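The lines below spell out each chain.
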Protein chains: 2
Amino acid sequence: MDSKLLREYADFAVKVGVNVQPGQTLIIHAPVDSAAFARMCAAAGYEAGAARVQVRYKDEQLSRLDMEKAEESVLCDNKPWLLRSYLDYAEAPGGVCVLHVVTENPELYKGLDAGKVNRVALARQTALRPWQAYTMSNRVQWCIVAVPSPAWAGKVFPGMTQAEAVEALWQRIFTACRVQPGRSVTEAGREHVAAMAARRDTLNALGLVRVRMTTPEGTDLMVGLADDAVWAGASSTTPAGADFIANIPTEEVFTAPHRDKVDGVVKGTKPFVYNGQLVEDFTVWFEKGKAVRCAARVGEQPLKEMLASDEGAAHIGELALVPASSPINQAGVLFYNTLFDENAACHIAFGEGYPENIRGGVTMEKPALAAKGLNQSDIHEDVMVGSATMTVTGWTADGREVSIFEKGEWVL
Amino acid sequence: MDSKLLREYADFAVKVGVNVQPGQTLIIHAPVDSAAFARMCAAAGYEAGAARVQVRYKDEQLSRLDMEKAEESVLCDNKPWLLRSYLDYAEAPGGVCVLHVVTENPELYKGLDAGKVNRVALARQTALRPWQAYTMSNRVQWCIVAVPSPAWAGKVFPGMTQAEAVEALWQRIFTACRVQPGRSVTEAGREHVAAMAARRDTLNALGLVRVRMTTPEGTDLMVGLADDAVWAGASSTTPAGADFIANIPTEEVFTAPHRDKVDGVVKGTKPFVYNGQLVEDFTVWFEKGKAVRCAARVGEQPLKEMLASDEGAAHIGELALVPASSPINQAGVLFYNTLFDENAACHIAFGEGYPENIRGGVTMEKPALAAKGLNQSDIHEDVMVGSATMTVTGWTADGREVSIFEKGEWVL
């Protein structure tokens, strides 16, 4: 891998994605096998003026070992220091921001008890809820970027040697993230964000209250939006005024469904990995906002576990529009990684909705957000339902019909 | 590296060194570049019945970056979660034990401000003092083992390629730790511990109150022992009765000097690395227990910083006997790593003394230990003063003289 490009990617993630502000603590989560990239990100953090950079390494192989060997009750027992390891910085002067460098082994927990895997993940999310409130409400800047792992690259490019597959996956990641030789990554990224912001503003000017997604393959979902729903996308902004890009790459413009106003059926168009377990070719039926039935050719058990996680897990918190011409979709590979695949297709997300999708929502308390119809849950899981055959139609409060997507493309 | 031998080394460290007890949490500190070994140790921990294994990766390169880029005040500001990340387990039912997998780059902080480096290290030790009390008093099992890093191996074998140097260092580590093909590492280790325990018991039977170390090269140190001093070595035991080996390898039998009864001069016989900075060819002069003057050909500044760390840092807390025929010394290389070099030569340690070196000390409070003459400090740093020319003589309470070492060897 070209180390100059890698450094640009790290720079972009830290200085534009997270947009580290002088005096902040930057926490970086990174896979243990990507230490070289984590170090580049740390150096970029100090360059951007971080008071302190803390890298917390994560080891997928140990996560698997824990899941196999330790009792569920032990794995669900998250000690108080875990939450404090974030809040000690979030509550301090200067504040905190966070970069998640992720990799994904789609078969990390293959063969293990999906119920245990899900309950352990939920227990961690519950323990970290006060910290998640900071990120979900954009009170701190956060950003997710991906790096290949041999396991992930092998799943995406099964015919190649390990080294070839990793190199090929790097190339696809760079293309998807607009990291190219001879062009400033930061400049390309900023242009892209501006174009997406224009699309978002157009949607907001329409004042839609209802959106319908249909495909000839059987998806037909009517989605009533939450009260005072707004479309977001491109970049987000903290109360202190720092812009950040939560996901790199990002191609989506998204809004908040009303938790009780979703009816119909959706068919998955790409697989997704839930807690290290693959879910593929799935269908979900909705009534009055709730997923009442589901089926999947692969991973039906993790899908059911996911929907049963808590009351809000069977409702959706996000509706996102991505054209089939998205460069990530055009790359022609399935990434088996939601960070990429969600930016290759229209999607919905089960679980928690984003306060920024309600007008004035980022400063509202949970009960006020719930009163607007925003869904609440300890999970937030994107599932891809869009394709080159999708039609998306919207309606305004006064009943006017607006064509949004035809054959998977913007027609606004 | 032979992965079978590596696995035996991991097994020995976890099952005999730490001696993980069923239901305990095992915390493993490991260098990020030694993930494969850390995973072997984690697997051994679960085999031994650990309820949970937590690996905390450390990245030397990031430590250097922090030291270069972050303000001292920021690096010294250890948030409360750090201490809780240990005490949350130590105070829980089941309890905790800890394995430190270490590597040492003797030039990690080369060229940086020794004062800053020392104050940052001290701030961390101070913040962790309640947790250190668990390990220093043997209330939890702990063990330190080493793995090579390219930087360390390069310093030990400067003439070799990186890969050759790492392989050569592994071989020396294995020899020093009695890890050999065709022989059970655990059995060899247990035999060695039994032989050392016999030596320790012989010394305790003598009832020494004073020890003198001399060499023709200029060392002449008279060390009065603490009241009720006892010799320790080989293995230690927790109050709950779990035996453990704090250092692998271990060749030392050691006791507690009286903090105010040390007079004379010592000349260093091997360099040591203090907070990533090398100290070489040093001399320290003592009066009434206190180091009143010091000099060093290399690293005089870190040496002075070390002795000025706190009141107890200029006094010694440990006196340890290691024969020149120690297999580590016979290996004929300088490890530039105290874990090894301290087991190659008689040494003294500046700073904190071990409660286990006072009869009944592990259940005593600090004031009672101080009243016995045991030194107290936030540092504990071994410095090597022994050689093949060293004579060690002891005196009993009734004035009987006992010859302990002649020409660097046991003559008891």
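This structure is a prediction, so every number in the text was calculated from the model and none was measured. As a convention, each chain's residues are numbered from 1 in the sequence order in which they are written. Throughout, the order in which chains and ligands are written sets their labels, letters from A for the former and numbers from 1 for the latter. Local features in this predicted model are restricted to residues of pLDDT 70 or higher, and side-chain atom pairs are both shown and tallied only at a pLDDT of 80 or more, whereas totals for entire chains, interfaces and linings draw on every residue. Excluded from the side-chain calculation are hydrogens and water; included are all heavy atoms of the structure.

A. Geometry of the pairing of strand S14 (residues 290–298) of chain B. Residues and elements named next belong to chain B. As paired strands, strand S13 (residues 277–287) and S14 are joined by seven bridges and run antiparallel to one another. Bridging from a neighbouring strand, Glu280 pairs with Val298 of S14. We call two strands paired when DSSP finds no fewer than two bridges between them. Labels follow the DSSP assignment, with helices taken as runs of H or I lasting at least four residues and strands as runs of E lasting at least two, numbered in each case from the N terminus. Joining the antiparallel neighbours S13 and S14 is a turn of two residues, in which Lys288 adopts a positive phi near 45°.

B. Looking closely at the layout of surface pockets. Residue and element names in this part refer to chain A. Lining residues are those with an atom within 4 Å of a point, where the points come from a 1 Å grid over the protein atoms alone and group into cavities, where a 1.4 Å probe fits but cannot get out, or pockets, open sets with protein on both sides within 12 Å along at least five of seven lines. Grid points are joined across faces, edges and corners, and a volume is the space filled by probe spheres set on the points. Of the volumes computed, that of the second largest pocket is approximately 470 Å³. As for the second largest pocket, its lining consists of 27 residues, of which Asp33, Ser34, Pro148, Ser149 and Pro150 are closest to the centre. When contributions to the lining of the second largest pocket are tallied by element, the ones reaching two or more residues are helix H2 (35–47), helix H3 (60–69), helix H8 (150–156) and helix H9 (162–176). The element best represented in the lining of the second largest pocket is H2, accounting for four residues. Amino acids outside the nonpolar list (Ala, Val, Leu, Ile, Met, Phe, Trp, Tyr, Cys, Pro) and the charged list (Asp, Glu, Lys, Arg) are all regarded as polar, and Gly is one of them. Considered class by class, the residues forming the lining of the second largest pocket number 14 nonpolar, five polar and eight charged.

C. Main features of the environment of Pro355 of chain B. All names here are of chain B. Inspection of the secondary structure puts Pro355 in the loop between strand S16 (347–351) and helix H14 (366–371). Three labels apply to residues, based on accessible area from a 1.4 Å probe with only protein chains included: buried if under 20% of the type maximum, exposed if over 50%, partly exposed otherwise in between. For Pro355, a relative accessible area of 6% corresponds to the buried category. In this structure, the C-alpha to C-alpha distance between Pro355 and Ala256, residues 99 residues apart in sequence, is 8.6 Å. With residues up to four places along the chain from it excluded, the contact list for Pro355 reads Met136, Ser137, Gly361, Val362, Leu369 and Leu374. Whether two residues are in contact is decided by their heavy atoms, any of which lying within 4.5 Å being enough.

D. Summary view of the packing of aromatic side chains. Each Phe, Tyr or Trp ring, with Trp reduced to its six-membered ring, pairs with another whose centre is within 6.5 Å; inter-plane angles below 30 degrees give stacked pairs, above 60 give edge-to-face pairs, and intermediate values give tilted ones. If you walk through the whole model with that rule in mind, you get 29 aromatic pairs over all chains. Taken together, a centroid distance of 4.9 Å and an interplanar angle of 15° make the contact between Tyr86 of chain B and Trp131 of chain B stacked. In this pair, Tyr86 of chain B is assigned in helix H5 (residues 80–90) and Trp131 of chain B in helix H7 (residues 129–136), connecting sequence segments 45 residues apart. Here Tyr86 of chain B and Trp131 of chain B have matching classes, each one buried. Put simply, the rings of Tyr9, Phe37, Trp170 and Phe174 of chain A touch in pairs and so form one group of aromatic residues. In this scheme, the term charge over a ring applies when either NZ of a lysine or CZ of an arginine sits within 6 Å of the ring centre and within 35 degrees of the ring normal. Here the guanidinium or amino end of Lys155 of chain A rests over the ring plane of Tyr336 of chain A, the centre of that ring lying 5.1 Å away.

E. View of helix H9 (residues 162–176) of chain B. All names here are of chain B. Given the number of residues in a helix, its expected span is that number minus one, multiplied by 1.5 Å. Helix length check: H9 (15 residues) gives 21 Å between terminal C-alpha atoms against 21 Å at 1.5 Å per residue, within 8%. If you follow the buried residues of H9, they end up packed against helix H1 (3–18), strand S4 (142–146), helix H8 (150–156), helix H12 (327–330) and helix H13 (338–341). Where H9 terminates, the next one or two residues include Arg178, which has phi positive at roughly 60°.

F. Up close: the sheet that holds S16 of chain B. Residue and element names in this part refer to chain B. Within the open sheet, the five strands sit side by side as S7-S10-S15-S16-S17. Their pairing is antiparallel. The open sheet has two free edges, formed respectively by strand S7 (232–233) and strand S17 (380–384), since each of these has just one partner strand. With five bridges connecting them, S16 and S17 associate as antiparallel partners. Bridged to Ala349 within S17 is Asp382.

G. Main features of the sheet that holds strand S2 (residues 52–58) of chain B. Residue and element names in this part refer to chain B. Read from one edge of the open sheet, four strands run S2-S1-S3-S4, paired in parallel fashion. A strand with exactly one partner marks an edge of an open sheet, and here the two such strands are S2 and S4. Geometrically, the sheet is characterised by an average inter-axis angle of 15° between neighbouring strands, direction not taken into account. Where strand S1 (residues 25–31) meets S2, seven bridges bridge the pair, whose relative direction is parallel. In the sheet register, Ala30 faces S2, and the bridge partner there is Tyr57. To obtain each axis, a line is fitted to C-alpha atoms, and for helices this fit is confined to the stretch in contact; angles are then taken between N-to-C directions over 0 to 180 degrees.

H. Region of the structure containing the environment of Ala42 of chain A. Within the fold, Ala42 of chain A resides in helix H2. Residues Ala42 of chain A and Arg52 of chain A, 10 residues apart in the sequence, show an inter-C-alpha distance of 9.0 Å. Sequence-distant contacts of Ala42 of chain A, that is, excluding residues within four places in its chain, are made with Ile28, Val53 and Val55 of chain A together with Leu62 and Leu65 of chain B.

I. Representation of the packing of helix H1 (residues 3–18) of chain A against H9 of chain A. All names here are of chain A. Interhelical geometry of H1 versus H9 gives an angle of 45° and a closest axis separation of 12 Å. Comparing their axes, H9 and H1 come out oblique. At the point where H1 passes H9, the crossing takes the left-handed sense. Only Trp170, Ile173 and Phe174 of H9 make contact with H1, whose side of the interface consists of Leu5, Leu6 and Tyr9. Partitioned by chemical class, the residues of the contact of H1 with H9 number six nonpolar, no polar and no charged. Roughly parallel refers to an angle under 35 degrees, roughly antiparallel to one over 145, roughly perpendicular to one between 65 and 115, and oblique to any angle outside these ranges. Here a crossing is called left-handed whenever its near helix is offset anticlockwise from the far helix by less than a right angle, and right-handed whenever the offset is clockwise.

J. Representation of the side chain of Lys79 of chain B. Considering the arrangement of structural elements, one finds Lys79 of chain B in the loop between helix H4 (72–75) and H5. Whenever a nitrogen or oxygen atom comes within 3.5 Å of another N or O atom, the pair is scored as a polar contact, on the condition that within protein one atom can donate a hydrogen and the other can accept it, and that pairs from neighbouring residues in sequence are kept only if both atoms are in side chains. Here the side chain of Lys79 of chain B touches Asp77 of chain B through a polar contact of 2.8 Å, side chain to side chain. Apart from residues lying up to four places away in sequence, Lys79 of chain B is in contact with Asp88, Tyr89 and Ala92 of chain A.

K. Just the relation of the copies chain A and chain B, in detail. Each copy is superposed on the other by least squares, with the fit set by C-alpha atoms of residues at a pLDDT of at least 70 in both. Rotating chain A by 180° and moving it 0.0 Å along the rotation axis overlays it on chain B with an RMSD of 0.0 Å. Here the copies are linked by what is in effect a two-fold axis. Among all residues of chain A, the one whose C-alpha sits closest to the rotation axis is Trp81 of chain A, at a distance of 2.5 Å. Both copies present the same face, since 100% of the interface residues in chain A are matched by interface residues at the equivalent positions in chain B.

L. Region of interest: the state of the cysteines. All names here are of chain A. Any cysteine sulfur atom paired with another within 2.5 Å is treated as part of a disulfide. Tallied over the full model, the rule gives zero disulfides over all chains. No disulfide involves Cys97; its sulfur sits 10 Å from the nearest other cysteine sulfur, which is in Cys143. Exposure remark for Cys97: the relative accessible area of 0% places this residue in the buried category.

M. Expanded view of the interface of chain A and chain B. Each partner contributes to the interface: chain A provides 31 residues, whereas chain B provides 31 residues. Two parts lose some accessible area (1.4 Å probe) when they are put together, and adding that loss for both gives the buried area. For the pair chain A and chain B, the summed buried surface comes to about 2700 Å²; carbon and sulfur atoms form 63% of the total. Salt bridges are defined as contacts in which a side-chain nitrogen from Lys or Arg sits within 4 Å of a carboxyl oxygen from Asp or Glu. Viewed at the interface, chain B and chain A are joined by six salt bridges. The shortest N-O distance in the salt bridge between Asp59 of chain B and Arg39 of chain A comes to 2.8 Å. Counting only elements with at least two residues in the side of chain A that touches chain B, the list comes to H2, strand S2 (52–58), H3, helix H4 (72–75) and helix H5 (80–90) of chain A.

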